Amino acid sequence: QLVSQQQLQSRQIQHQQSQQFAPKLSHSASAFQQSSSFSSFSNPQTRQMSSTPSFSQSNSQFGRTKKQSQSQTQLIRFRCPFHGDLEAGHMFFVSYRVATDKDSAEKLFLSLSAHEIFNQRATVFWDRKCLSVGESWENGFLRGIDSCKVVLLIMSEKGLKKIQDAHKTSDSVLLEYEMALQLYTSGKCLILPLQLGEYNNDGLYKKFRALETSVYPNELHCHPKSPKVKTVRETMTELMQLEAVNVEPDTIGDLETAQKAVALYQRLIESTLPPPPPIPTLPGISESSKNSLIF
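Residues numbered from 1 in each chain as written. Predicted model: local features only at pLDDT ≥ 70, side-chain atom pairs only at ≥ 80, totals over all residues. Heavy atoms only, no water.

Enquirer: Could you give an account of the overall build of the protein chain, naming the residues involved and the relevant values?
Expert: Each helix and strand counted, the protein chain has twelve helices and eleven strands in total. Of all 295 residues assigned to the protein chain, the portion counted as buried reaches 33%. Residue pairs in contact within the protein chain that sit at least 24 positions apart in sequence constitute 72% of those at least 6 positions apart. Working note: accessible area of the protein chain is about 19200 Å², and carbon and sulfur atoms make up 52% of it. (Helix = DSSP H or I, 4+ residues; strand = E, 2+ residues; numbered from the N terminus. Buried < 20%, exposed > 50% of the residue type's maximum accessible area, 1.4 Å probe, protein only. Contact = heavy atoms within 4.5 Å. Areas by Shrake-Rupley, 256 points an atom, 1.4 Å probe, with all protein chains shown as cover.)

Now the structure itself:
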């Protein structure tokens, strides 16, 4: 009987203690059940649904991300692996025949890149530096031409020979010429032909003299991306009529050549600037007095 009385008293004490803590436990449990973490783990279906965002939520998030990326893309006109993100594109584009004139193109690239124009380092598109990894070189140089301000054409007699068969075999250099002329005609860029001479086997220098355009076919360029607006001969005739600079292989990277290219770029930029505001008219002042005033 003593044992049964002691057990009864201990059970009564445990019951009283459980009654005291019951409100606190029930309150905390209800609050925990209301939380999203508890509801998501309490039911497997709820857990699966809560871990995967709804279509409307994901679609709205995708829309915001897409709009943000579009706005960022609008600010970046050209993304170059060498120069970074360029809002205005490259200043210069170097067009050349790799098989014959790659050394001259490198000299010109290094010389121009050392210049500062309007307190900004000159940006020169050269395919060996500015083509993105995995990008088609053809698409890359077409993007480069489209974004530049001055196209520099390195033209040598050996480099132009392949264009004589451009009605049968597509030629990437001629495609660059065609695209550059289209942009030039629309006022989007300027072209500076650099007529490159050569040294013969005896070391004697020979100036560029490949000015005769009758050697080119009077047919369209067979390249699939050619605009096919003018014949090969018409394209080359237009280029030969532009003001050109005679350069030597050893001096194409000199300061003089770079300065002429920089002057063209400055001329193009200044021509696109808005005109200065008109001089304000002051009442009660004669025309002769106005001319003597300095604002």
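That shown, we press on.
Enquirer: I'd like a rundown of the packing of helix 5 (residues 98–113) against helix 11 (residues 255–272), residues and numbers included.
Expert: The contact between helix 5 and helix 11 brings their axes to 9 Å, and the two run at 65°. Where helix 5 crosses over helix 11, the two elements pack in a sense that is right-handed. Side by side, helix 5 and helix 11 meet where Leu108, Ser111 and Leu112 of the first sit next to Thr257, Ala258, Ala261 and Val262 of the second. Across the contact of helix 5 with helix 11, the residue classes tally to five nonpolar, two polar and no charged. (Axes fitted to C-alpha atoms, helices over the stretch in contact; angles between N-to-C directions. Left-handed = near helix turned anticlockwise from the far one by under 90°. Nonpolar A, V, L, I, M, F, W, Y, C, P; charged D, E, K, R; others polar.)

Enquirer: How would you sum up the sheet that holds strand 11 (residues 245–247)? Please name residues and give values.
Expert: Reading across from one edge, 6-3-7-8-11 is the order of the five strands in this open sheet, with parallel pairing throughout. Two strands lie at the open edges of the sheet, namely strand 6 (124–125) and strand 11, each paired on one side alone. The sheet contact formed by strand 7 (residues 150–156) and strand 8 (residues 190–196) spans seven bridges and is parallel. Residue pairing for strand 8: isoleucine 154 is matched across the bridge by leucine 194. (Pairing = 2+ DSSP bridges.)

Enquirer: Explain the side chain of serine 226 to me, using residue names and the numbers behind them.
Expert: Tracing the sequence through the fold places serine 226 in the loop between strand 10 (205–206) and helix 10 (232–240). The class for serine 226 is buried, based on a relative accessible area of 8%. Among the polar contacts made by the side chain of serine 226, one reaches the side chain of glutamate 178 at a distance of 3.1 Å. With near-sequence residues (within four places) excluded, serine 226 lies in contact with Leu175, Glu178 and His221. (Polar contact = N/O pair within 3.5 Å; in protein donor to acceptor, adjacent residues only side chain to side chain.)

Enquirer: Tell me about the nonpolar core, and please be specific about residues and values.
Expert: Membership of the largest hydrophobic core comes to 33 residues, with the highest contact counts inside it found for Val151, Met155, Leu160, Ile163, Tyr177 and Met236. Where this core is concerned, the elements lending two or more residues are strand 1 (78–80), helix 7 (137–147), strand 7, helix 9 (172–185) and helix 10. The element contributing the most residues to this core is helix 9, with eight residues. Other than its neighbours up to four places away in sequence, valine 151 contacts Phe93, Ala180, Cys189, Leu190, Ile191 and Leu192. Formed by 29 residues, the second largest nonpolar core is a distinct cluster that contains Ala122, Trp126, Leu192 and Ile252. (Core = buried A, V, L, I, M, F, W, Y, C linked by side-chain atoms within 4.5 Å.)

Enquirer: Kindly report on empty space enclosed by the protein, identifying the contributing residues and their values.
Expert: Summed over the entire model, instances satisfying the criterion amount to one cavity of 30 Å³ or more. Computed from the structure, the largest cavity encloses a volume of approximately 30 Å³. Residue classes in the lining of the largest cavity are distributed as two nonpolar, two polar and four charged. (1 Å grid on protein atoms, 1.4 Å probe; cavity = no way out; pocket = protein on both sides within 12 Å on 5 of 7 lines; lining within 4 Å. Points joined across faces, edges and corners; volume = space filled by probe spheres on them.)

Enquirer: So, helix 5: which residues are in play, and what are the values?
Expert: With 16 residues, helix 5 extends only 20 Å from end C-alpha to end C-alpha; this falls clearly short of the ideal 22 Å at 1.5 Å per step. At serine 104, helix 5 is deflected by roughly 30°, the largest bend along its length. Within helix 5, the full set of buried residues consists of Asp101, Ser104, Ala105, Leu108, Phe109, Ser111, Leu112 and Ser113. (Expected span 1.5 Å × (residues − 1). Bend = angle between axes of the 7 residues up to and from the residue.)

Enquirer: Talk me through the packing of aromatic side chains; I want residue IDs and the actual numbers.
Expert: The final tally for this structure, using the stated rule, is seven aromatic pairs. On the basis of an interplanar angle of 15° and a centroid distance of 5.0 Å, the ring pair of phenylalanine 93 and phenylalanine 125 is categorised as stacked. Separated by 32 residues along the polypeptide, phenylalanine 93 in strand 3 (residues 92–95) and phenylalanine 125 in strand 6 bring together distant segments of the chain. There is no split in this pair, since phenylalanine 93 and phenylalanine 125 are both buried. Seen in terms of ring centroids, phenylalanine 109 and tryptophan 126 are 5.0 Å apart; in terms of plane orientation they differ by 35°. Their pairing is tilted. (Phe/Tyr/Trp six-rings, centres within 6.5 Å; stacked < 30°, edge-to-face > 60°.)

Enquirer: Could you give an account of the environment of tyrosine 96, with specific residues and numbers?
Expert: Examined against the element boundaries, tyrosine 96 turns out to sit in the loop between strand 3 and helix 5. The contacts of tyrosine 96, once residues within four sequence positions are left out, are Asp101, Lys102, Ala105, Trp126, Asp127, Arg128, Ile154, Val173 and Glu176. Polar side-chain contacts of tyrosine 96 include one of 3.2 Å to the side chain of tryptophan 126. A polar atom in the side chain of tyrosine 96 sits 2.7 Å from the side chain of aspartate 127.

Enquirer: Requested: an account of helix 7, with residues and values cited.
Expert: Every buried residue belonging to helix 7 is among Glu138, Gly140, Phe141, Leu142, Gly144, Ile145 and Ser147, and all of these are buried. Those residues of helix 7 that are buried lie in contact with strand 1, strand 3, strand 6 and helix 9.

Enquirer: Residue-level account of the side chain of threonine 257, with values.
Expert: In this fold, threonine 257 is placed in helix 11. Judged by its relative accessible area of 7%, threonine 257 falls in the buried class. Among residues more than four places away in sequence, those in contact with threonine 257 are Leu108, Leu194, Val247, Thr251 and Ile252.

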